[in-house]
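Survey of secondary and tertiary structure
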Amino acid sequence: MSEQYTYAVARIRALEVALFSNATIDQLIACSDYDQCLQFLSEKGWGDSDTPMQAEAILTREEEKIWEVVKDLHVDMEKFDVLSYPKLFHNLKAAIKNVCVGERDRHIFYEDVSIPGGAMLEIVKEKEFGKLPAGMQHAAEEAYEAMLHTRDGQLCDVIIDRAALDAVYAAGKEAKDEIIRDYAESTVAVADIKIAVRSQKTAKSLEFMTRAMAECDSVSVAQLSKAALNGMDAIRDYLMGTAYAEGAEALSQSPSAFERWCDNRIIQTISPQKYKAFTIGPVIAYVIARQNEIKTVRIILSGKLNDLPEDSIRERVREMYV
Amino acid sequence: MSIWSNLGLVYALLGAAVAVFLAGAGSAIGVGIAGQAAAGVVTEDPSKFAKVLIMQLLPGTQGIYGLLVGFITLSNIGLLGGSPKALDPQTGLLVLAACLPIGIVGLISGKYQGMTSAAAIGIVAKKPDQFGKAMLFPAMVETYAILALLISILAVNAVPLP
């Protein structure tokens, strides 16, 4: 057992006090309108004194605060690769589409990753895929060629999303920390289940699903994709026999209940970290919990903005970490 | 004054050194671990300084116990008074053996009490009203350092000296 994370974990424990609990989320939902929600968030310390009273500005600032805290802890940032891969691959996707379509919109990139928008655009434009991390190079080349020759944005998405899942899974397998392994396994398995559900609804082929889904230990891609071809009941039956049986129940309730379960499953995976004192786990769990919190607040704000009834918003609200 | 002719005294002095050194090292490690956790909490919430400081100090007692045994040993063998006793090697080894419990237990319990204190500081960070309960966990580790101290004091005083 290493004591190198003692300072970081203790600091995170102090920060966890400020995380939103389910009761706080209930209070936010109970706010009468969108403006009152923003006021509530401001009173809870969200945003800064100079942040405009706009949802996106507040949420963006909160996202920035997460990484400011993590950098301040002086822990090895490579441990967070598994969390940053989706953003990194998003930048690749956006850059390929930008270059192939000829648009130059820089506002669709994430800047808080190892290869920010400008650098990614340059790499794709010059076709210098060797400058990308090993797990991205082949997918980048393949997606670029596919986009250039077919102009099929969905094919490009499928290739890069699959590579992102493979990268997350490989990072999990290589990791010594239990939380990273568990998170990677859960993330990939939940993503595969999502792909199966959406493919079933849009009548996609077996080939498409096999291409989109990533292999993992807890879900069989072959069985899941075959189940998706046989209908939603077959997916549910298959899931009932796996560690994701709760997902099958959520699937039978409603699409939003299923989406909610997908995020809750990740929170359940990280929950044991609340009781660890000497590993990187609580720090990674805090980052995931904060991202989940911001996502939940975004759902509530968008529900309030569109005058959705309280019950409808509540159905979409994610489980909180604390 | 040859070492070989005073081997008994050398062994006895080694015993005092072992008690002070090992128990002190255990406390230093423990207080260091708990201190890192305390610093983490105070970075975010300075109002918890007093509570986490008490937690940090808990593993410091082993060093004091080692010092106490070392002091008694030095006093018994006459080094403190300036007139060292002529100990035979067998008596010197008995004094060294008497000092070992607090030395070894102090080292191990100091480290683990520090780790328990760090975990308990996590409780204080999230639930400051549970300070009393949180303090009990590292205090449990102290029991075994006290038992070792007791045996070391009894043994040091029980060794027949000329």
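Predicted, not measured: the structure shown is a model, and the values here were computed from it.

A few points about the nonpolar core
Residues and elements named next belong to chain A. Grouped together as the largest cluster of nonpolar side chains are 119 residues, with contacts concentrated most on F80, I96 and I235. Top element by residues in this core is helix 9 (residues 178–201). It accounts for 12 residues. Those residues within four positions of I96 in sequence are excluded, and the remaining contacts are V124, A140, A143, Y144, M147, C156 and I160.

Some details on the domain arrangement of chain A
Residue and element names in this part refer to chain A. Assigned domains of chain A: these are domain 1 (1–75 + 290–322), domain 2 (80–174) and domain 3 (176–279). The centre of domain 1, based on its C-alpha atoms, is set 25 Å off from the matching centre of domain 3. Across the contact, 17 residues belong to domain 1 and 17 residues belong to domain 3. Sorting the residues of domain 1 by area buried against domain 3 places R318, E319 and Y321 first, and these three jointly supply 39% of that buried surface. At the junction of domain 1 and domain 3, the tally comes to two salt bridges. Among the ionic pairs, K295 bridges to D263, the shortest N-O distance being 2.8 Å. Connecting domain 1 to domain 3 are 11 residue pairs in polar contact (both at pLDDT 80 or more). At the level of secondary structure, the elements contributing two or more residues to the side of domain 1 that touches domain 3 comprise helix 1 (6–16), helix 15 (281–305) and helix 16 (310–316).

Brief notes about the packing of helix 4 (residues 55–72) of chain A against helix 15 of chain A
All names here are of chain A. Close contact between helix 4 and helix 15 brings their axes to 10 Å; oriented N to C, the two are set at 175°. Considering the angle they form, helix 4 stands roughly antiparallel to helix 15. Of helix 15, the residues touching helix 4 (which contributes A55, E56, L59, E62, E63, I66, W67 and V70) are V287, R290, Q291, I294, V297, R298 and L301. Grouping the amino acids of the contact of helix 4 with helix 15 by side-chain chemistry returns nine nonpolar, one polar and five charged.

Observations regarding the interface of chain A and chain B
Taken together, the contacts link 14 residues of chain A with 15 residues of chain B. When the two sides are added together, the surface that chain A and chain B hide from each other amounts to roughly 1,300 Å², 71% of it contributed by carbon and sulfur. For the interface between chain A and chain B, the tally reads two salt bridges. Its salt-bridge partner being E44(B), residue R11(A) comes within 2.6 Å of it at the nearest N-O pair.

Thoughts on the environment of H74(A)
In this fold, H74(A) is placed in the loop between helix 4 and helix 5 (81–101). Expressed as a C-alpha distance, the spacing of H74(A) and Y5(A), which sit 69 residues apart in the sequence, is 9.6 Å.

Details of the packing of helix 9 of chain A against helix 12 (residues 232–240) of chain A
All names here are of chain A. At a closest axis distance of 10 Å, the pairing of helix 9 and helix 12 adopts a crossing angle of 160°. Judged by the angle between their axes, helix 9 and helix 12 are roughly antiparallel. Between helix 9 and helix 12 the crossing geometry is right-handed. On helix 12, the residues touching I193, A196, V197, Q200 and K201 of helix 9 are M232, I235 and L239. When grouped by side-chain class, the residues that make up the contact of helix 9 with helix 12 number six nonpolar, one polar and one charged.

Remarks on the side chain of T91(B)
If you trace the backbone, T91(B) turns up in helix 4 (residues 89–126). Beyond its immediate sequence surroundings of up to four residues, T91(B) is in contact with V159(B), P160(B) and L161(B).

Remarks on the environment of Q36(B)
Within the secondary structure, Q36(B) is located in helix 1 (residues 7–44). Once the C-alpha coordinates of Q36(B) and Q56(B) are considered, the two residues, 20 residues apart in sequence, prove to be 8.9 Å apart. What Q36(B) contacts, discounting residues up to four positions off in sequence, is E3(A), T6(A) and Y7(A).

What to know about the pattern of salt bridges
Under the criterion given, the structure shown has 31 salt bridges over all chains. Close ionic contact of K126(B) with E16(A) constitutes a salt bridge, the shortest N to O distance being 2.9 Å. Residue K126(B) is located in helix 4, and its partner E16(A) is located in helix 1; the two belong to separate chains. The class of K126(B) is partly exposed, set by a relative accessible area of 28%. One salt bridge in this structure joins E128(A) and K131(A), with 3.0 Å as the shortest N-O distance. Where salt bridges share partners, they join D48(A), R61(A), E62(A), E64(A), K65(A), E68(A), R290(A) and E293(A) into one cluster.

A look at the layout of surface pockets
Its volume calculated, the largest pocket comes out at about 1,900 Å³. Elements represented by at least two residues in the lining of the largest pocket include exactly helix 4, helix 5, helix 8 (153–174), helix 9, helix 10 (206–212), helix 14 (255–270) and helix 15 of chain A. Residue classes in the lining of the largest pocket are distributed as 23 nonpolar, six polar and 18 charged. In this structure, the second largest pocket spans a volume of roughly 520 Å³. Along the wall of the second largest pocket there are 21 residues; nearest its centre are R13(A), E16(A), K274(A), G122(B) and K126(B).

Rules used in this analysis
- Throughout this document, residue positions are counted from 1 along each chain, in the order its sequence is written.
- Chain letters start at A and ligand numbers start at 1, both assigned in the order the entries are written.
- Reporting in this predicted model follows two pLDDT cut-offs: at least 70 for local features of residues, and 80 or more for side-chain atom pairs to be given and counted; totals over whole chains, interfaces and linings ignore these cut-offs and use all residues.
- The side-chain numbers reported here are obtained from all heavy atoms of the structure, hydrogens and water having been left aside.
- We define the nonpolar core as a collection of buried residues of types Ala, Val, Leu, Ile, Met, Phe, Trp, Tyr and Cys that are connected through side-chain atoms lying within 4.5 Å of one another.
- Residue exposure (1.4 Å probe, protein chains only): buried if accessible area is under 20% of the type maximum, exposed if over 50%, otherwise partly exposed.
- Helix and strand labels come from DSSP, where a helix needs a run of H or I of at least four residues and a strand needs a run of E of at least two; each type is numbered from the N terminus.
- When checking whether two residues touch, look at their non-hydrogen atoms; a contact exists if any pair is within 4.5 Å.
- Annotation comment: domain bounds sourced from an automatic or database domain assignment.
- By definition, the buried area sums, over both parts, the 1.4 Å-probe accessible area that each loses when the two are put together.
- We count a salt bridge whenever a side-chain nitrogen from Lys or Arg sits within 4 Å of a carboxyl oxygen from Asp or Glu.
- What qualifies as a polar contact is a pair of N or O atoms within 3.5 Å, subject to a donor-acceptor requirement within protein and to the restriction that residues adjacent in sequence count only when both atoms come from side chains.
- Helix axes are fitted to C-alpha atoms over the stretch in contact, other axes to C-alpha atoms as well, and angles between N-to-C directions run from 0 to 180 degrees.
- The cut-offs work like this: below 35 degrees is roughly parallel, past 145 is roughly antiparallel, 65 to 115 is roughly perpendicular, and the gaps in between are oblique.
- Amino acids are sorted into nonpolar (Ala, Val, Leu, Ile, Met, Phe, Trp, Tyr, Cys and Pro), charged (Asp, Glu, Lys and Arg) and polar (every other residue, Gly among them).
- In a left-handed crossing the near helix is turned counterclockwise from the far helix by less than a right angle, and in a right-handed crossing that turn is clockwise.
- For each structure, a 1 Å grid was placed over the protein atoms alone; sets of points admitting a 1.4 Å probe that cannot get out are labelled cavities, open sets with protein on both sides within 12 Å along at least five of seven lines are labelled pockets, and lining residues have an atom within 4 Å of a point.
- Grid points are joined across faces, edges and corners, and a volume is the space filled by probe spheres set on the points.

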